[in-house]
Amino acid sequence: MIKFKDVIKKRDTMTVGPISASIPDGSLTLIAGKNSKGKSTILKLLSGIIEMDSGSIIINDKDLFTFLQNEGINYMPDQFPYYEKRNAPYMYSNWMKDVYPYYDKNLFREYAKRFGVALNKPIIEMSKGEKKRTLLALTFANTESLILLDEPSLNLDSNYRTILREVVQEKLLDETNTLIIASNNVEDFDTLADYLVYLKDGKVYFEGYTEDILDRYMLWSGTKETLPEQTLNTWETEYTTQAIIDKTLYPKLELERLSLADLLHNIERMKRYESLF
């Protein structure tokens, strides 16, 4: 279990926190929310790249510093972080083998093949998509059980997004692995996510198991005259009135279960933002 307790980090234009959340082990947690709402900051805090101003992070009953010293975390940033001059992926692989104790060079070659990485092509000559695929191959070649991925599907075409989902699923088959993905592209991972942390303005707007969220907040369709009194969001289509309804308030209503991506899309356009839970 990963526990954030009253974590605060002041950034250039906003303050992230206080963040309090509990992320389960052996699962995929999706950190979602609009741009610049604190998703990347949470991963950087958890990886130890930046320090929190206050609060605490506990991982498996160890404080963050102790965990990082003894076990380590596999963190992938949203952009290629290494010096790009003329170096090619195989050169970075050799370097990582000497620096990171959990790095497996043979695994890198396997993932490089799956993600179509040109081992001898200089990074500086690569497109954004090629850089992201190289970064994914390097990241998955590290074998730490706690894996943090920041916008992993950004700049990937549909074929490589499918391969990414397959690799994530394979990692989840090993229940000792815990994956945390920060992403604006919720639809790339909504069917895989076990747990959701949704951010708004640098704070946790709500969190919970995705199945519980989807079973509770559902789509109602009907006429204006029959619209339930309590709704989270209401809008008009060409033929009907629709709304997001808390099923616990109206257990007898006939409601439609949404995908996580569709539910979050409708939550994001809400005019009022009181907590869902």
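A. Just the pattern of salt bridges, in detail. Counted under the stated rule, the structure contains eleven salt bridges. In this structure, the salt-bridge partner of D188 is R161, at a minimum N-O distance of 3.5 Å. Highlighted residues: D188 in the loop between β8 (178-182) and β9 (195-200) and R161 in helix α6 (residues 158-173), separated in sequence by 27 residues. Note on D188: relative accessible area 7%, which makes it buried. On the basis of relative accessible area, R161 is assigned to the partly exposed category, the value being 25%. In this structure, R257 engages E211 in a salt bridge whose closest nitrogen and oxygen atoms are separated by 2.7 Å. Highlighted residues: R257 in the loop between β13 (241-246) and α8 (260-268) and E211 in helix α7 (residues 210-216), separated in sequence by 46 residues. Overall, the relative accessible area of 37% leaves R257 in the partly exposed class. Under the relative-accessibility criterion, E211 is labelled partly exposed at 47%.

B. Up close: the nonpolar core. The biggest cluster of nonpolar side chains holds 54 residues, and the ones touching the most others in it are F115 and L264. It is α6 that contributes the most residues to this core, six residues altogether. Residues I31, I42, L45 and L46 belong to the second largest nonpolar core, which totals 25 residues.

C. Here's a closer look at the sheet that holds β8. Spatially, β6-β7-β8-β3-β9-β10 is the arrangement adopted by the six strands of the open sheet, whose pairing is mixed. Each edge of the sheet is formed by a strand with only one pairing partner; in this case those strands are β6 (74-76) and β10 (203-209). On average, each strand axis in the sheet is inclined to that of its neighbour by 15°, with strand direction left out of account. Pairing of β6 with strand β7 (residues 146-150) involves three bridges; the strand directions are parallel. Bridging from a neighbouring strand, Y75 pairs with L148 of β7. Running at roughly 150° to β8, α6 makes contact with β3 (28-32), β7 and β8 of the sheet. Those strands touched by α8 are β3, β9 and β10, and its axis lies near 20° from that of β9.

D. Up close: the pairing of β3. For β3, the tally of buried residues reaches five of five residues, placing the bulk of the element in the interior. Where burial is concerned, the two faces of β3 agree: the one with L28, L30 and A32 and the one with T29 and I31 are both buried. Of the pairings in the sheet, the one linking β3 to β8 comprises four bridges and is parallel in character. Considered in β8, the bridge of I31 is made with A182. One ladder, built from four bridges, connects β3 with β9; its direction is parallel. Residue pairing in the sheet places T29 in a bridge with Y195 of β9.

Rules used throughout
- Along each chain, numbering runs from 1 in the same order as the chain's sequence is written.
- Selection of residues for local features in this predicted model requires a pLDDT of at least 70, selection of side-chain atom pairs for listing and counting requires 80 or more, and totals for whole chains, interfaces and linings are taken over all residues.
- With hydrogens and water set aside, each side-chain value is computed from the structure's full complement of heavy atoms.
- Any Lys or Arg side-chain nitrogen located within 4 Å of an Asp or Glu carboxyl oxygen qualifies as a salt bridge.
- Here a strand is any run of E in DSSP of at least two residues, a helix any run of H or I of at least four, and the numbering for each starts at the N terminus.
- Buried residues are those whose accessible area, probed at 1.4 Å on protein chains only, stays under 20% of the maximum for their type, while exposed residues exceed 50% and partly exposed ones sit between those limits.
- Throughout this description, the term nonpolar core refers to a set of buried Ala, Val, Leu, Ile, Met, Phe, Trp, Tyr and Cys residues connected via side-chain atoms within 4.5 Å.
- Think of it this way: DSSP has to see at least two bridges between two strands before they count as a pair.
- Only the contacting stretch of a helix is used when fitting its axis, a line to C-alpha atoms as for every element, and angles between N-to-C directions run 0 to 180 degrees.
- Residue contacts are defined here by distance: any two heavy atoms, one from each residue, within 4.5 Å place the two residues in contact.

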